[in-house]
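Structure at a glance
One-letter residues, chain by chain:
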Amino acid sequence: MATYTVTGGAGFIGSHLVEELLRRGHRVRIVDNFTTGKRENIEAAVRSAGAARSAGASVRSAGASAPATPDLIEGDLAELAVARAAADGADYVLHQAAIPSVPRSVKDPITSNRANIDATLNMLVAARDAGVKRLVFAGSSSEYGDTPTLPKHEGMPTNPLSPYALQKVVGEEYLKLFTRLYGLETVSIRYFNVFGPRQDPGSAYSGVISLFIKWLVAGEPPTIHGDGEQTRDFTYVANVVDGVLRACEVPAASGEAINVATGGRISLNQLLRVLQGIVGTDLAAVYGPPRVGDVRDSQASIEKAERLLGYAPTVAFEDGLRRTVEWFRAA
Ligand code: UD1
């Protein structure tokens, strides 16, 4: 059993990491300022982990008790004292806290810089001083920008097109520097358009899949920015949870940035057709102007993750969409 701090643990991806760690019987500490995170996400993670563990117990007929409740630190990691409390006594830090939106960063670069860079630097200093074994960072496919070469591999230069993308590049550079200068083990996992249950469709900045499902289920037409032929490597959340937890343990991963995705790409028009089938509607989209700072095509090479982490996607795109629609209907 180890102690994991999950920053942003009340958020979408963070709460899935919390759930899996509890399921595996680890001690978990969540740090969140509830800017975008929600208490319901923590409650749902604890509930699901408990259900999975008691199902396992009946099969094995011994041992697995309900998981402990995670500790919660409510605070802003842009304050060093909060970062120090987060790192104190932790074996691993999964630094997921961020303001995760390209358009929001274009509109308000100062707020997103504070959340995405100042907080990351504090977390690195605190992890170094507390003797944390490894810090794993939430990197982003947006770091690659618009490159003609597909799939995008980690050897390519970064080319940020938005403050958010630049902040993720800077965070990652800070990680590498901390590994070189101070010997703190770090890994950046570059996420590619992650989706799944608990992704919040509540704002115009929400991920496109959560918005499309919300509208289709409500019987309203979704909006497509541009011609809908832009593509993304949409990745179901269980796949990134697997990648991140592998990244904590593989010795050779330290100091690296690694894509974790599916290796495929789907256009928004295709996405909409698949979702129409799952939801059972033929509602058409309304097309508007393309979004400023948008990347045209995004597709990951997952060769490095396969080689270094032994990673392979376990939940396919359509299966993930079905699970997500089910969750939206039950929520
Ligand atoms: C980007 C990053 C991703 C990062 C995420 C954080 C890239 C390639 N991806 O995602 O790694 O984690 O930011 O927010 O840079 N769209 C519509 N209608 C809508 C909403 C969105 O057409 O209602 C379009 C967008 O214009 C975009 C695509 O859908 O072309 C995906 O948008 P979104 O889900 O916001 O994610 P990205 O900006 O691609």
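Read on for a plain summary of the structure. (Residues numbered from 1 in each chain as written. Predicted model: local features only at pLDDT ≥ 70, side-chain atom pairs only at ≥ 80, totals over all residues. Heavy atoms only, no water.)

Scanning the chain for helices and strands turns up eleven helices and 13 strands. In summary, the chain has a C-alpha radius of gyration of 19 Å against a globular reference of 20 Å for 331 residues, a match within 12%. The principal-axis extents of the C-alpha atoms in the chain amount to approximately 50 × 50 × 35 Å. Buried residues in the chain amount to 54% of all 331 residues. Restricting to contacts in the chain with at least 6 residues of sequence separation, those with at least 24 account for 82%. Carbon and sulfur atoms form 52% of the exposed surface of the chain, whose accessible area is close to 13800 Å². Where the 34 positive side-chain charges of the chain centre and where its 36 negative ones centre are 2 Å apart. (Helix = DSSP H or I, 4+ residues; strand = E, 2+ residues; numbered from the N terminus. Rg over C-alpha atoms; globule rule 2.2 N^0.38 Å. Buried < 20%, exposed > 50% of the residue type's maximum accessible area, 1.4 Å probe, protein only. Contact = heavy atoms within 4.5 Å. Areas by Shrake-Rupley, 256 points an atom, 1.4 Å probe, with all protein chains shown as cover. Lys, Arg positive; Asp, Glu negative; His and termini not counted. Charge placed at Lys NZ, Arg CZ, Asp CG, Glu CD.)

Glancing now at the sheet that holds strand β2 (residues 27–32). Here we have seven strands laid out as an open sheet, ordered β3-β2-β1-β4-β5-β6-β11, and parallel in their pairing. At either end of the open sheet lies a strand with only one pairing partner, and these are β3 (71–74) and β11 (256–260). Each strand of the sheet is rotated relative to its neighbour by a mean of 20 degrees, with strand direction disregarded. Together, β1 (3–7), β2, β4 (92–95) and β6 (186–191) form the strand contacts of helix α1 (residues 12–23), whose direction differs from that of β1 by roughly 165 degrees. Along the sheet face, helix α3 (residues 80–87) touches β1, β2 and β3 and points at about 170 degrees away from the line of β2. (Pairing = 2+ DSSP bridges. Axes fitted to C-alpha atoms, helices over the stretch in contact; angles between N-to-C directions.)

Its place among the elements puts D242 in helix α8 (residues 237–249). Those residues in contact with D242, other than ones at most four positions away along the chain, are Y311 and A312.

Quick look at a nonpolar patch on the surface now. On the surface, L177, L181 and Y182 cluster together into a nonpolar patch covering about 300 Å² of accessible area. Mapping L177 onto the fold places it in helix α6 (residues 163–182). Judged by its relative accessible area of 34%, L177 falls in the partly exposed class. (Patch = residues over 30% accessible without salt bridge, like charges linked within 9 Å, V, L, I, M, F, W, Y side chains within 5 Å. Salt bridge = Lys/Arg side-chain N within 4 Å of Asp/Glu carboxyl O.)

Take the nonpolar core next. Nonpolar side chains tend to gather and get buried jointly when the protein is soluble and globular. L94, I189, L271 and L309 are the most contacted members of the largest nonpolar core, which has 67 residues in total. By residue number, the principal contributor to this core is α8, which donates seven residues. The residues touching L94, leaving out its near neighbours within four places in the chain, are Y4, T5, V6, T7, L17, L21, V136, V244, L245 and C248. Residues V31, L124, F178 and L184 belong to the second largest nonpolar core, which totals 21 residues. (Core = buried A, V, L, I, M, F, W, Y, C linked by side-chain atoms within 4.5 Å.)

Looking at the ligand, there are 23 residues lining it, with P100, S141, R232, R291 and D294 nearest. Contacts to the ligand include S141, whose side-chain N or O atom sits 2.7 Å from an oxygen atom. In the environment of the ligand, an oxygen atom lies 2.6 Å from a nitrogen or oxygen atom belonging to the side chain of D294. Protein coverage of the free-state accessible area of the ligand, which is 750 Å², stands at 92%. For the shell around the ligand, the per-class residue count stands at ten nonpolar, ten polar and three charged. (Near = heavy atom within 4 Å. Polar contact = N/O pair within 3.5 Å; in protein donor to acceptor, adjacent residues only side chain to side chain. Nonpolar A, V, L, I, M, F, W, Y, C, P; charged D, E, K, R; others polar.)

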